[in-house]
Amino acid sequence: MKYIDEFRDGALARHLAGAIAREAEPTRHYSLMEFCGGHTHAISRYGIKDLLPPNVEMVHGPGCPVCVLPVGRIDSAIELASRPGLILATYADTMRVPASKGSSLLKAKARGADIRMVYSSADAIRIARDNPEREVVFFAIGFETTTPPTAVAILDAAALGLGNFSVFCNHVLTPAAIANILESPEVRDLGTVPLDGFIGPAHVSTVIGSQPYEYFAEEYGRPVVIAGFEPLDVMQAILMLVRQLNEGRAEVENEFTRAVTREGNGKAKALVAEVFELRRSFEWRGLGEVPYSALQIKEKYRRFDAEARYGLEYRSVADNKACECGAILRGVKKPIDCKVFGTVCTPENPIGSCMVSSEGACAAHYSYGRFKDVPVIAVAAP
Ligand code: SF4
């Protein structure tokens, strides 16, 4: 398929791996964070770590929209879905994210709540139009990629005069999360996450552009390379980061020139600016409360804000004690550091959010990398 096969070419991958191995200085350690779960998935699926020299280390970041949803937000969604007559529309991945007391949206649905899986915000609008006598809430999650479609849904609802539609807004912002990771005590004081550079997400950057990352390069002296999600994209980005670090540069570079510009998508940004404003603070799973890291619906469209309409009060709830998602999302630990990885916690029975979506670090490692952690036992031929 055009634009996919070209970026999965084995010979080119070996060529890039050779260049990384040659150019990575043997006396130096390179600790590179792939911010986005899409990159984590690609690194696990295509075995990219196995192609890198031992001193080039990839660290998982928090860029998985399902993974960073805190327990309290899932509890609020369940609370909404449990209201008589209300329909909750949501993306499929949120259904299995563990809530408090062993619950989840899937279990709430099994108990009788009317929860419907949708592919887009437009599907939620359709449900509202088809059910004028029912209240319909769209459980909106995601980074800057999914925010413009939610803005469009709210503008459509306003244009259609839909009085039975509202949005439970949980949209979060990539640059704020990166800043939080770099500001966290582990990074600043303890040095336990010595991050040398970042791979930035392609899809988010098609919307916001590469310009918002320039702050990190300048303020924190960390290079950023925006990259696509195919294996050659990721390997090219690693090579570009190694080169920047070798040359003492900290710049924003764009590997994904086929879709990302410095300015981003002006039309999408204008839609978001019309409907949303910065939220003073938002709790992230793993990062805790992060100031100005999420969006809320503007006063002008408050009638479509489910939090205001239903008087939702946010209650922070601690993660399951056994779960290390928080540390994994900050890059401090890896999936295999969790005692219940692959035993009690599996994709069929996720204990934490990182095991739910294919973009979650634990799910990716379970699907593609877990057998490397199991000692090989030689079996004599019969
Ligand atoms: S393996 Fe499960 S419980 Fe452990 S950190 Fe990952 S999601 Fe959490």
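Residues numbered from 1 in each chain as written. Predicted model: local features only at pLDDT ≥ 70, side-chain atom pairs only at ≥ 80, totals over all residues. Heavy atoms only, no water.

### Looking at the site of the ligand
Stage number 1. Around the ligand, a shell composed of 13 residues is seen, among which Cys 323, Glu 324, Cys 338, Cys 345 and Cys 362 lie nearest.
Stage number 2. Looking at the shell around the ligand residue by residue, the classes come out as 11 nonpolar, 1 polar and 1 charged. (Near = heavy atom within 4 Å. Nonpolar A, V, L, I, M, F, W, Y, C, P; charged D, E, K, R; others polar.)

### Some words on the sheet that holds strand E9 (residues 252–254)
Stage number 1. The strand order E2-E1-E7-E8-E9 describes an open sheet built from 5 strands, whose pairing is parallel. On the outer flanks of this sheet lie strand E2 (56–63) and E9, each paired with one strand and no other. Looking at each pair of strands side by side, their axes are set apart by 25 degrees on average, direction ignored.
Stage number 2. One ladder, built from 4 bridges, connects strand E7 (residues 197–201) with strand E8 (residues 224–227); its direction is parallel. Opposite Gly 200, over in E8, you have Ile 226 as the bridge partner.
Stage number 3. Those strands touched by helix H2 (residues 37–45) are strand E1 (30–36), E2, E7 and E8, and its axis lies near 120 degrees from that of E1. (Pairing = 2+ DSSP bridges. Helix = DSSP H or I, 4+ residues; strand = E, 2+ residues; numbered from the N terminus. Axes fitted to C-alpha atoms, helices over the stretch in contact; angles between N-to-C directions. Contact = heavy atoms within 4.5 Å.)

### Here we look at the environment of Gly 63
Stage number 1. With respect to the helices, strands and loops of the structure, Gly 63 is situated in strand E2.
Stage number 2. Separated by 26 residues in sequence, Gly 63 and Gly 37 place their C-alpha atoms 5.3 Å apart.
Stage number 3. When residues no more than four places from it in sequence are discounted, the contact partners of Gly 63 are Phe 35, Cys 36, Gly 37, Phe 143 and Glu 359.

### Topic: the domain arrangement of the protein chain
Interface size is commonly expressed as the accessible area that is lost once the parts come together.
Stage number 1. In terms of domain boundaries, the protein chain breaks down into domain 1 (5–64 + 176–254), domain 2 (71–174 + 264–309) and domain 3 (325–367).
Stage number 2. Using C-alpha coordinates to define each centre, domain 2 is positioned 25 Å away from domain 3.
Stage number 3. The interface of domain 2 with domain 3 comprises 7 residues on the first partner and 10 residues on the second.
Stage number 4. For the pairing of domain 2 and domain 3, the buried interface totals around 750 Å² over both sides, and the portion due to carbon and sulfur atoms is 58%.
Stage number 5. It is Arg 96, Pro 98 and Arg 285 that lose the most area in domain 2 upon contact with domain 3, and together they represent 59% of the buried surface on that side.
Stage number 6. At the boundary of domain 2 and domain 3, one finds 0 salt bridges. (Domains from an automatic or database assignment. Buried area = accessible area lost by both parts, 1.4 Å probe. Salt bridge = Lys/Arg side-chain N within 4 Å of Asp/Glu carboxyl O.)

### Quick notes on the pattern of salt bridges
Two side chains of opposite charge can pair, provided their charged atoms sit close to one another.
Stage number 1. This structure, assessed with the given rule, holds 21 salt bridges.
Stage number 2. Glu 57 is the salt-bridge partner of Lys 334, the closest N and O atoms lying 3.5 Å from each other. Here Glu 57 lies in strand E2 and Lys 334 lies in the loop between helix H15 (325–329) and helix H16 (361–368), a separation of 277 residues in the sequence.
Stage number 3. For Lys 334, a relative accessible area of 28% gives the class partly exposed.
Stage number 4. Arg 302 is the partner of Glu 277 in a salt bridge, and the nearest nitrogen-oxygen pair spans 3.8 Å. In this pair, Glu 277 sits in strand E10 (residues 276–284) while Arg 302 sits in the loop between strand E11 (288–297) and helix H14 (306–309), placing the two residues 25 residues apart along the sequence.
Stage number 5. What emerges from the salt-bridge pattern is a single network uniting Glu 247, Arg 249, Glu 251 and Glu 253. (Buried < 20%, exposed > 50% of the residue type's maximum accessible area, 1.4 Å probe, protein only.)

### Digging into the confidence of the model for the protein chain
Stage number 1. For the protein chain, per-residue confidence averages 91 on the pLDDT scale, and 93% of positions sit at 70 or higher.
Stage number 2. Confidence over residues 375–382 falls short of pLDDT 50; this stretch has 0 contacts with residues more than four positions distant or in other chains. (pLDDT = per-residue confidence, 0-100.)

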